[in-house]
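Observations on the model geometry
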Amino acid sequence: MTQHTQAQKEIAKKIDSDTVIANWKDWRWQLKHSIGDVDTFETLLGIKFKAEEKDKLKQTLEKFPLSVTPYYLSLIDTDDFRNDPIFLQAFPSPKELDIDEDDLEDPLSEDEDSPVEGITHRYPDRVLFHISNTCSMYCRHCTRKRKVGDVDSIPTRDAVSEGLEYIRNTPHVRDVLLSGGDPFMLPDAYLDWILTKLREIPHVEIIRIGTRMPVVLPYRVTDDLVEILKKHHPLWINTHFNHPREVTASSREALRKLADAGIPLGNQTVLLSGVNDCHRIMKSLVHKLVQNRVRPYYLYQCDLSEGLSHFRTPVGKGIEIMEHLIGHTSGFAVPTYVIDAPHGGGKIPVMPSYLISWSTNRVILRNYEGVITSYKEPDSYEPIYCDRKCEECKLQLKLDDAAEYKSTGIAKLLADYDEAVSLVPEDTDRMERRDVE
Ligand SMILES: *Cc1c(COP(=O)(O)O)cnc(C)c1O
């Protein structure tokens, strides 16, 4: 059992003098006492904002609401709260109202790539399924900020059924990513129902859940919840730690329960100015994650959603961090740094360049230490011409095991069997002249 910190005891007492600390680890108590206004924030933390600042904060909250669990609040260091990574992720800044020219309301076009309510279908074989419109903590850096607090509710079974129907009727969807909001805002029985329905669909091979509960409300990971999740393997969970300070005894306990249930755990971090834009912080974070059996999955460049401009860093900051991780620490502790391209382009990996030159039979590489080295390629390599007649190929892919295949993009240009030699933008002057003729 994890002990309560002094801050937690004091906050619990201020919220509810009768129950004091006894309910602290009850996730429903935490939700019921989530902090949604500046005054309560001040009282609970014993801090004070000037009247002028409070006016601005209130304006900000009209556009982007506030909600933070007592647990997450208790992690704030009140001595230096303005620079505190927990405070910066949970508490509004008037800078959220500065909208940059290039900001977009729905930068990832999640609403456009949505065949039915609740589903974003962008990649060939997997879908994002929004099964909750709410979260226990409203991250100030939320990419779906436009929706936060909008319909603070859980979709009805009818609404979810439409999404399930779409997945059922789309046989190439082999991976379903439950997201939201936070799926763990759903009651256990409802979540169990959704997972059961998904498992009944034969082509759904894996289910993933994206949740920030281990970070902002670790008590949600109850033994009951874990028992339910265990029934629906293979199930993967991705969580969202941004700073080593978030890895507390309570978080570790939640992660332990999930990992002990055989659930592979991953983490997605957002690179945030003033919070974690430092390679030492990132290295400490990834080390803490792997110690708790969580594999760093993605490091995201902060996207172009409205209200996030003060959190954005140059891409160079991310590359610099990757330069400090790759080779310097365990390979599986290194996340993939990605930029989620505007207008639904999807995640694009970026990293320092290691391939520095190339001849007909040699590649020149550099390593993390600056060693420049060469790799001699084979003199004789017999390429396997691929005409997609796998049954005649000497490589032993059993057709039963093979995914249905239609190449697109760069893979299509590389393919032997496809005639395409270029991908050409449609709207160039040259193409327009051709159209006229
Ligand atoms: C991120 C994302 C996925 C999952 O991508 P992976 O790279 O497989 O983790 C799927 N659909 C959408 C719309 C996404 O944004």
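Here, every reference points to the structure presented above.
Throughout what follows, the structure given in this document is the object of discussion. Since this is a predicted model, take the numbers as computed values, not measurements. (Residues numbered from 1 in each chain as written. Predicted model: local features only at pLDDT ≥ 70, side-chain atom pairs only at ≥ 80, totals over all residues.)

1. Focus on the overall build of the chain
If you tally the helices and strands in the chain, you get 15 helices and twelve strands. Computed over its C-alpha atoms, the radius of gyration of the chain comes to 24 Å, within 12% of the 22 Å expected for a compact globule of 437 residues. Taken along its principal axes, the extent of the C-alpha atoms in the chain is 75 × 55 × 50 Å. When each of the 437 residues of the chain is scored for burial, the buried share is 32%. (Helix = DSSP H or I, 4+ residues; strand = E, 2+ residues; numbered from the N terminus. Rg over C-alpha atoms; globule rule 2.2 N^0.38 Å. Buried ≥ 20, exposed ≤ 12 C-beta atoms within 10 Å, placed from the backbone.)

2. Observations concerning the sheet that holds strand β2 (residues 126-130)
Note: strands within a sheet are paired through backbone hydrogen bonds, in either parallel or antiparallel orientation. The sheet built from nine strands is open, its strands ordered β1-β2-β3-β4-β5-β6-β7-β8-β9 with mixed pairing. The strands lining the two open edges of the sheet, one partner per strand, are β1 (119-123) and β9 (346-349). Strand-to-strand twist across the sheet, computed as the mean angle between neighbouring axes with direction ignored, equals 30°. (Pairing = 2+ DSSP bridges. Axes fitted to C-alpha atoms, helices over the stretch in contact; angles between N-to-C directions.)

3. Digging into the packing of helix α8 (residues 188-199) against helix α10 (residues 223-230)
Orientation of α8 relative to α10, taken along the N-to-C sense of each, is 10°, at an axis distance of 10 Å. It follows from the interaxial angle that α8 and α10 lie roughly parallel. Contacts between α8 and α10 involve D188, L191 and D192 on the former and, on the latter, D224, L225 and I228. In the contact of α8 with α10, the residues fall into three nonpolar, no polar and three charged. (Parallel < 35°, antiparallel > 145°, perpendicular 65-115°, else oblique. Contact = placed C-beta atoms within 7 Å. Nonpolar A, V, L, I, M, F, W, Y, C, P; charged D, E, K, R; others polar.)

4. Quick look at the sheet that holds strand β12 (residues 372-376)
With antiparallel pairing, the three strands of this open sheet are ordered in space as β10-β11-β12. The open sheet has two edge strands, β10 (355-358) and β12, and neither has a second partner. The mean angle between the axes of side-by-side strands here comes to 25°, regardless of whether they run parallel or antiparallel. Bridge count between strand β11 (residues 362-366) and β12: five bridges; the pairing is antiparallel. Within β12, the residue paired with R366 across the bridge is I372.

5. Describing helix α1 (residues 6-15)
Along α1, the residues classified as buried are I11, A12 and I15. One face of α1 carries all of its buried residues, which in axial projection span an arc of 100°. Those residues of α1 hidden inside the fold are in contact with α3 (38-45) and α5 (70-73). (Arc of directions from axis to C-beta.)

6. Side note on the pairing of β1
One ladder, built from three bridges, connects β1 with β2; its direction is antiparallel. In the strand pairing of β2, T120 is matched with L128. The antiparallel pairing of β1 with β2 creates a hairpin that spans two residues between the two strands.

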